[in-house]
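Inside the fold
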Amino acid sequence: MKSNGLSLAATDHLQMSGREGLGRNPTLLCAPIMGQSVDQMLSEISKAKAGGADLVEVRLDYLNNFNPRQDLEILIKQSPLTTLITYRPKWEGGQYEGDETRRLDALRLAMELGANYIDVELQVAREFLSSISGRKPGNFKVIVSSHNYQNTPSIEDIANLVARIQATGADIVKIATTTLDITDVARIFEITVHSQVPIIGLVMGERGLISRLLCPKFGGYLTFGTIEAAIVSAPGQPTLKDLLGIYNFRQLGPDTKVFGIIGNPVGHSKSPILYNEAFKAVGFNGIYVPLLIDDIGKFFDVYSSSDFAGFSCTIPHKEAALKRCDEVDPVAKDIGAVNCIIRRPSDGKLIGYNTDYIGAITAIEDGLRGSHTTNNSSGSPLAGKLFVVIGAGGAGKALAYGATEKEARVVIANRTLDRAKEIAELIGGQAISLVELEDFHPENGMILANTTSIGMQPKVDLTPIPKRALSSYSLVFDAVYTPKMTRLLREAKESGATIVSGLEMFIGQAYEQYERFTHLPAPKELFREIMAKY
Ligand code: NAP
Ligand code: DHK
């Protein structure tokens, strides 16, 4: 790594891109253009420019009735952005089915008409590069690419592939593989960060997202950002808007610390929005990313560097997270679940905490105080209340623990009754089944807290308890915060109960996490402003 932390290739690239000294990373943002007509492509290119792209990849294989000289003349001359021309054949995952000579002739013509880059597949690279030998314009570069739609090879095999591509005389190496697990991406990071030549390393698929978001940190030459969500040229591509808006793409660099939300599913989480906007506002050099993880132990075994500094943890890994931590905060140990993990800089050890319980309990207490519920003591308004928790997972344990701490009488209802019984025994509460819950009305003025994922997007029509069973509750809380108004909260409000949204818990549990991530005070007002938009 050079003194500025960039690889040699990235430093050269920074100089070439004219952005040296601006403190920004040299990684380019490339928008894939897949219109079926020249006019549609031109329209997409102008959207890409407006969206902040540095260049566009014009995918000729998507064009209907492609007329090489006429269409390339228009596309290249009228593009307001640097152009990368790709004509991907079906045998490499593209749309083109036809004569190879005609295809390569079109790429040669693109070069002659002033394209800045073309992308040609490894299989035909030598033939193509020798055909343009001595004819390459000065600022023209050839990307030689290889796509693996089955898996991500071993580090040795990827290194050998890079060497083979380099040996063709490529100006830029491009490796695109497919992820079966998020740990596959670490091998691509390893290759790109040590590359001595300009390299594009991307891992396709939902579990490969961090290969795209963290390109600037690990020295990637470019990453793809789409002009619209879901209109992608390869699975897993984020939008330009998210890369530049949520992930502060231009401000990332080799020394940016990585944080993220560990879960499965994880796409619904608002944590990336919250923390990245807060990091940006205070100038903290960090990025917070979604981490779609199947095996939390395997993840931490592979991503063991101090670069990966802190994590939130959600379904279904909170209990497994506790077991994986080297040390666990006593409260988290009592709860039996961890939703915040910090990698201690001094020794790299993983320290587990639970911020869910304080986030939820504080929100519920505020709800009770705001509802002017009579409270005969200066202590918690929860004291003495019958507190019914639906769910016995990480969040359920946190609320059962927190309510008990506040001297409420806790009842746990859960689909798996044994899990409810385990917690009830621990805290001295009662366990009931979900069926019993429907007819559980020992007294009025009870408090209900849903900590199951029932009602969470996309299954927003579901609720953990029928409306008719809500009449005995004076306050209903739902840990689910996507959507903010769940069916449970809506029906509880209709039944006359005070309702407390999981968003209140989400904001509250994030305060302590932010402070542990950044060692800075949580910008509480800013948190509320950020989340008020959702
Ligand atoms: P978890 O550890 O996986 O626990 C999930 C719980 O939900 C378990 O008790 C499970 O019952 C129950 N459950 C799941 N699907 C169910 C179904 N179809 N029918 C009945 N019960 C079902 O997850 P978690 O980390 O506790 O999170 C739970 C929910 O709370 C998630 O939606 C999460 O987003 C939300 N949450 C929100 C915040 C916030 O800040 N607002 C914080 C924490 C959690 P079994 O034991 O029978 O499997
Ligand atoms: C949700 C939870 O379960 C919290 O415990 C995490 C996460 C944050 C989310 O981002 O949705 O800390």
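As shown above, the structure is provided for reference.
So, a few notes on the structure that sits alongside this text. Computed from a predicted model, the values in this text were never measured in an experiment. Position labels on residues start from 1 in each chain and follow its written sequence. Starting at A for chains and at 1 for ligands, labels are handed out in the order in which the entities are written. At least 70 in pLDDT is required for a residue's local features to be given in this predicted model, at least 80 for side-chain atom pairs to be given and counted, and no such filter applies to totals for whole chains, interfaces and linings, which use all residues. Where side-chain values are given, they derive from all heavy atoms of the structure, hydrogens and water being excluded.

What makes a residue near a molecule or strand is one non-hydrogen atom of that residue sitting within 4 Å of it. Neighbouring ligand 2 are 13 residues, the closest being Ser-269, Ser-271, Asp-356, Tyr-481 and Gln-509. Two N or O atoms count as a polar contact when they lie within 3.5 Å, although within protein this holds only if one can serve as hydrogen donor and the other as acceptor, and sequence-adjacent residues are included solely when both atoms are side-chain atoms. A distance of 2.6 Å is found between an oxygen atom of ligand 2 and a side-chain nitrogen or oxygen belonging to Ser-269. Taking Asp-356, its side chain carries an N or O atom lying 2.5 Å from an oxygen atom of ligand 2. Each accessible area is a Shrake-Rupley estimate made with a 1.4 Å probe; only the visible protein chains count as cover when residues are assessed. When the free accessible area of ligand 2 is taken as 310 Å², the share hidden by the protein chains comes to 92%. Labels follow the DSSP assignment, with helices taken as runs of H or I lasting at least four residues and strands as runs of E lasting at least two, numbered in each case from the N terminus. Where the shell around ligand 2 is concerned, the elements lending two or more residues are strand 11 (308-313) and helix 20 (502-518). With three residues, helix 20 is the largest single contributor of residues to the shell around ligand 2. Of the residues assigned to the shell around ligand 2, the class counts are four nonpolar, seven polar and two charged. Residues were grouped as follows: Ala, Val, Leu, Ile, Met, Phe, Trp, Tyr, Cys and Pro as nonpolar; Asp, Glu, Lys and Arg as charged; and all remaining residues, including Gly, as polar.

A separate point is the nonpolar core. Among the nonpolar cores identified, the biggest contains 88 residues, and Ile-85 and Val-120 are the most heavily contacted of them. Counting residues in hydrophobic clusters, the runner-up holds 27 residues, among them Cys-340, Ile-351, Ala-510 and Phe-517. Each nonpolar core is a collection of buried residues, namely Ala, Val, Leu, Ile, Met, Phe, Trp, Tyr and Cys, held together in the definition by side-chain atoms within 4.5 Å. Accessibility here uses a 1.4 Å probe with only protein chains present; expressed as a share of the type maximum, an area under 20% marks a residue as buried, one over 50% as exposed, and anything in between as partly exposed.

This part covers the pattern of salt bridges. Any carboxyl oxygen of Asp or Glu that lies within 4 Å of a side-chain nitrogen of Lys or Arg is treated as forming a salt bridge with it. A complete count under the given rule lists 30 salt bridges for this structure. Its salt-bridge partner being Asp-61, residue Arg-59 comes within 2.8 Å of it at the nearest N-O pair. Accessibility assignment for this pair places Arg-59 and Asp-61 in one class, buried. A salt bridge links Arg-516 to Glu-512, with the shortest nitrogen-to-oxygen separation between them at 2.9 Å. One end of the pair is Arg-516 and the other is Glu-512, both in helix 20 and four residues apart, which spans about a single turn. Since its relative accessible area comes to 27%, Arg-516 is described here as partly exposed. One network of salt bridges, in which partners are shared, links Arg-88, Glu-100, Arg-103, Asp-119, Glu-121 and Lys-174.

Now for the site of ligand 1. Ligand 1 sits among 26 residues. The nearest are Ala-392, Ala-395, Arg-415, Thr-416 and Arg-419. Arg-415 places a side-chain nitrogen or oxygen 2.8 Å from an oxygen atom of ligand 1. Taking Gly-502, its main chain carries an N or O atom lying 2.9 Å from a nitrogen atom of ligand 1. Alone, ligand 1 offers 910 Å² of accessible surface; in the complex the protein occludes 86% of this. Looking at the shell around ligand 1, the elements with two or more residues in it are helix 16 (394-405) and helix 20. In terms of residues, the shell around ligand 1 owes the most to one element, helix 20, which gives four residues. Partitioning the shell around ligand 1 into residue classes produces twelve nonpolar, ten polar and four charged.

Within strand 11, six of the six residues are buried, leaving the element largely enclosed by the surrounding structure. Two strands are counted as paired when DSSP detects at least two bridges linking them. Alignment of strand 9 (residues 257-263) against strand 11, held across five bridges, turns out to be parallel. For Phe-259, the partnering residue across the bridge sits in strand 11 and is Gly-310. Relative to strand 13 (residues 340-343), strand 11 is paired through three bridges, and the arrangement is antiparallel. Looking across to strand 13, one finds that Ser-312 is bridged to Cys-340.

Pairing is mixed across the open sheet formed by six strands, whose spatial order is 10-9-11-13-14-12. Taken across any chain shown, the strands that pair with only one partner, and hence form the sheet edges, are strand 10 (286-292) and strand 12 (327-328). Where helix 11 (residues 271-282) meets the sheet, its contacts fall on strand 9, strand 10 and strand 11, and the angle it forms with strand 10 comes to roughly 170°. When checking whether two residues touch, look at their non-hydrogen atoms; a contact exists if any pair is within 4.5 Å. Here an angle of 0 to 180 degrees is reported between the N-to-C directions of two axes, which are lines fitted to C-alpha atoms, with helices fitted over the stretch in contact.

A few words on helix 6 (residues 155-167). Taking 1.5 Å per residue as the helical rise, helix 6 with its 13 residues ought to reach 18 Å, and the 18 Å between its terminal C-alpha atoms agrees with that figure. Among all positions in helix 6, only Ile-158, Leu-161, Val-162 and Ile-165 are buried. Looking straight down helix 6, one finds its buried side chains confined to an arc of 100°; they lie on one side. Looking at the buried residues of helix 6, the elements they touch are helix 5 (122-131), strand 5 (141-147), strand 6 (172-178), helix 7 (184-194) and strand 7 (199-204). Where helix 6 terminates, the next one or two residues include Gly-169, which has phi positive at roughly 95°. An expected span of 1.5 Å times one less than the residue number is assigned to each helix. Working definition: the arc comes from the directions between the helix axis and the C-beta atoms, pointing outward to the latter.

Our focus in this paragraph is the environment of Glu-365. Take Glu-365: it is sitting in helix 15 (residues 356-370). Through-space distance from the C-alpha of Glu-365 to that of Pro-381 is 6.1 Å; in sequence the pair is 16 residues apart. Ignoring sequence-local partners within four residues, the contact set of Glu-365 consists of Ser-380, Pro-381, Leu-382 and Lys-406. For Glu-365, the side chain forms a polar contact with the side chain of Ser-380, separated by 2.6 Å.

Another aspect to go through is the environment of Ala-532. Note that Ala-532 resides in helix 21 (residues 524-532). We classify Ala-532 as exposed; its relative accessible area is 63%. For the pair Ala-532 and Val-388, spaced 144 residues apart in sequence, the C-alpha to C-alpha distance is 28 Å.

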